[in-house]
Amino acid sequence: MTLMARTSAKIAGIQGYVPEYVLTNAELEQMVETSDEWITSRTGIQERRILKEDGKATSDMAAEAVKGLLAKTNIKPEDIDLTICGTVTPDTVFPDTANTINSKIGASNAWGFDINAACSGFLYALSTGARFVESGKYKKVLVIGVDMMSSIVDYQDRATCILFGDGAGAVLLEPSDNGFGIVDEIMRGDGQGRDYLIMKAGGSLNPPSAETVARREHFVHQEGKPVFKAAVKGMTDAVRLIMERNDITNDDVSWLVPHQANKRIISSVSNALDFPLAKVMMNIERYGNTTAATIPLCLWEWESKLQPGDKIILTAFGGGFTWGAIYLEWSYDGALVVNS
Ligand code: UT7
C-alpha cells in the first residue's frame, strides 16, 4: 500500500461531557454478585457516569459536549457544515442522532449522519470527517463519539454491567493552516467477531418481540475472553503498522490514546509495543468503557498538555470486529485554551 498524501484536516478543538451520576463499584456490589476487588483487579474500573435524567438520551450528552466545544472555539452553530456521530446507542433507530444533535445545537446549515462501529465509532467518524475536510468542500465538521451504554446494559449480568458507562466527546475538524493534522490511518472491520460482542435483537434479523425481551436480547452480550484477546492483537498490530509505515518510533510518539475497555488490555498493548505507560492516556478508572466516547474523553482531559506537533496515535477495537489506528500531529497549544 502506498502512503497517504499529507492531509489537511486538523482537530481545532475538543470537548467532553459526562453525566453527573457516579455509579461506584460499591453500588454494583448491591446489584450483582461482584466485588470492588474483582472489578478493580480485572478491569481497572472504579466508577462510571450514568445519565439518569428522565427524557434525556444520547443526543443530549452530545449536544452538551458540542455546546462547550463551540463556545471555546468561538464558532457559531450555523457555521457547522456537517455532523458525524459515532454511536451504538442512538436516541431512536431512525431518525439518526446526528440530525437530532444538529437541531439541539442550532446547526441550521449542517447535515449529518451516524456511524455504527461500536467502540471504534470515534475512529471511524474521525476518518470519515477528515475525508470531507480534505475534499475542500467542508470547512467545519463536527466529529462526535457518544454512547449511553446504560440504556443497553443488563444490570443483572455481572460480566458486562461493571464495564460500561455513559459519556460524550466532540472534536471540530477544520482545514489545517499550519501543516499539522491527521496524517495516516489504518481502519479495519471484518465481521468475524460479530457473535462475541453483539446486541442480538431489535434489528431486522431478530425484530423486537415479547420473546426477545424475555430472552434479554436487547442488551449487550459479550464473550469477554475472545474479545480481550482480539482487542490486544488488533490494537497492537494497527499501532505497530502505522508507526512502521510512517517511520516513527516510540520516542517520537508523545501520546498513545487507546480505547478504554479494560486496563489490562491497555497494559498488554503498551507492553507488546514496549511503549511506556507514562505516555498512554488512561481514565478508565473514572469512566469505565463509554464505547465511542472513550478516545475523545481522553483527549479532552489531556488537552492542556498537548502541544503543536505532538505525534499522537489513537487506537480502538470494538464489536464487529472493528478496529484501527489514526496517526495525527496535534495542531494547537492546549495550554492556551480557555475552558469556561
Ligand atoms: O470495548 C470493546 C471491547 N470489550 C472489551 O475489550 C472487553 C474484553 N474483555 C474483558 O475485558 C474481560 O474479558 C472481562 C473483564 C469482561 C472479564 O474478565 P476475564 O478475566 O476475561 O474473566 P472471565 O470472563 O474469564 O471470568 C472469570 C471468572 C468467571 O468465573 P468462573 O467461571 O471462573 O467461576 C466469571 O463468572 O470471573 C467471573 N466473573 C465475575 N466475578 C465477579 C465475571 N464477571 C464477574 C464480576 N464479578 N463482575
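What counts as what
- Residues numbered from 1 in each chain as written.
- Predicted model: local features only at pLDDT ≥ 70, side-chain atom pairs only at ≥ 80, totals over all residues.
- Heavy atoms only, no water.
- Pairing = 2+ DSSP bridges.
- Helix = DSSP H or I, 4+ residues; strand = E, 2+ residues; numbered from the N terminus.
- Axes fitted to C-alpha atoms, helices over the stretch in contact; angles between N-to-C directions.
- Near = heavy atom within 4 Å.
- Polar contact = N/O pair within 3.5 Å; in protein donor to acceptor, adjacent residues only side chain to side chain.
- Areas by Shrake-Rupley, 256 points an atom, 1.4 Å probe, with all protein chains shown as cover.
- Nonpolar A, V, L, I, M, F, W, Y, C, P; charged D, E, K, R; others polar.
- Domains from an automatic or database assignment.
- Contact = heavy atoms within 4.5 Å.
- Patch = residues over 30% accessible without salt bridge, like charges linked within 9 Å, V, L, I, M, F, W, Y side chains within 5 Å.
- Salt bridge = Lys/Arg side-chain N within 4 Å of Asp/Glu carboxyl O.
- Lys, Arg positive; Asp, Glu negative; His and termini not counted.
- Charge placed at Lys NZ, Arg CZ, Asp CG, Glu CD.
- Parallel < 35°, antiparallel > 145°, perpendicular 65-115°, else oblique.
- Left-handed = near helix turned anticlockwise from the far one by under 90°.

A. Spatial organisation of the sheet that holds strand 6 (residues 141–148). Read from one edge to the other, the open sheet built from five strands follows the order 1-7-6-4-5, with strand pairing classed as mixed. Each edge of the open sheet carries a strand with a single partner, namely strand 1 (9–17) and strand 5 (111–115). Sheet twist, expressed as the mean angle between neighbouring strand axes with direction ignored, is 20°. In this structure, strand 6 lies alongside strand 7 (residues 166–175), joined through eight bridges in antiparallel fashion. Looking at strand 7, one finds that I144 is bridged to A170.

B. Layout of the site of the ligand. Neighbouring the ligand are 23 residues; T34, R42, K225, N262 and N289 lie closest to it. In this structure, Q222 approaches the ligand through a side-chain N or O atom, which is 3.0 Å from a nitrogen atom. Between the ligand and the protein, one listed contact pairs an oxygen atom with a side-chain N or O atom of N289 at 2.7 Å. A total of 940 Å² of accessible area belongs to the ligand in isolation, and the protein chains cover 74% of it. Listing elements by their share of the shell around the ligand, those giving two or more residues are helix 2 (36–43), helix 6 (158–161), helix 8 (224–245) and helix 9 (263–272). Broken down by element, the residue count for the shell around the ligand peaks at four residues, all from helix 8. Grouping the amino acids of the shell around the ligand by side-chain chemistry returns eleven nonpolar, seven polar and five charged. Formed jointly, the shell around the ligand draws a minimum of three residues from each of two domains, domain 1 (9–175) and domain 2 (182–338).

C. Quick peek at the sheet that holds strand 11 (residues 253–258). With respect to topology, four strands assemble into an open sheet ordered 8-13-12-11, the strand pairing being mixed. In this open sheet, the two strands that pair with only one neighbour each are strand 8 (182–189) and strand 11. Taken over all neighbouring pairs, the strand axes of this sheet differ in orientation by 10° on average, direction set aside. Note: strand 12 (residues 311–318) against strand 13 (residues 322–329), eight bridges, orientation antiparallel. Bridging across to strand 13, L314 finds its partner in I326. The strands touched by helix 5 (residues 121–134) are strand 8, strand 12 and strand 13; relative to strand 8, the strand with the most contacts, the crossing angle is about 130°. Contacting strand 8, strand 11, strand 12 and strand 13, helix 8 runs over the sheet at an angle of about 150° to strand 12.

D. Spotlight on a negative patch on the surface. Taken together, the side chains of E20, E53, D54 and E64 present a region of like negative charge at the surface. Assignment of secondary structure puts E53 in the loop between strand 3 (47–50) and helix 3 (58–73).

E. Molecular detail of the packing of helix 8 against helix 9. One can describe the packing of helix 8 onto helix 9 by two numbers: an axis separation of 9 Å at closest approach and a directional angle of 40°. Comparing their axes, helix 9 and helix 8 come out oblique. Here helix 8 and helix 9 pass one another in a crossing that is right-handed. Contact residues: helix 8 offers F228, A231, V232, M235, T236 and R240, while helix 9 offers R264, I265, S268, V269 and A272. When its residues are assigned to classes, the contact of helix 8 with helix 9 shows seven nonpolar, two polar and two charged.

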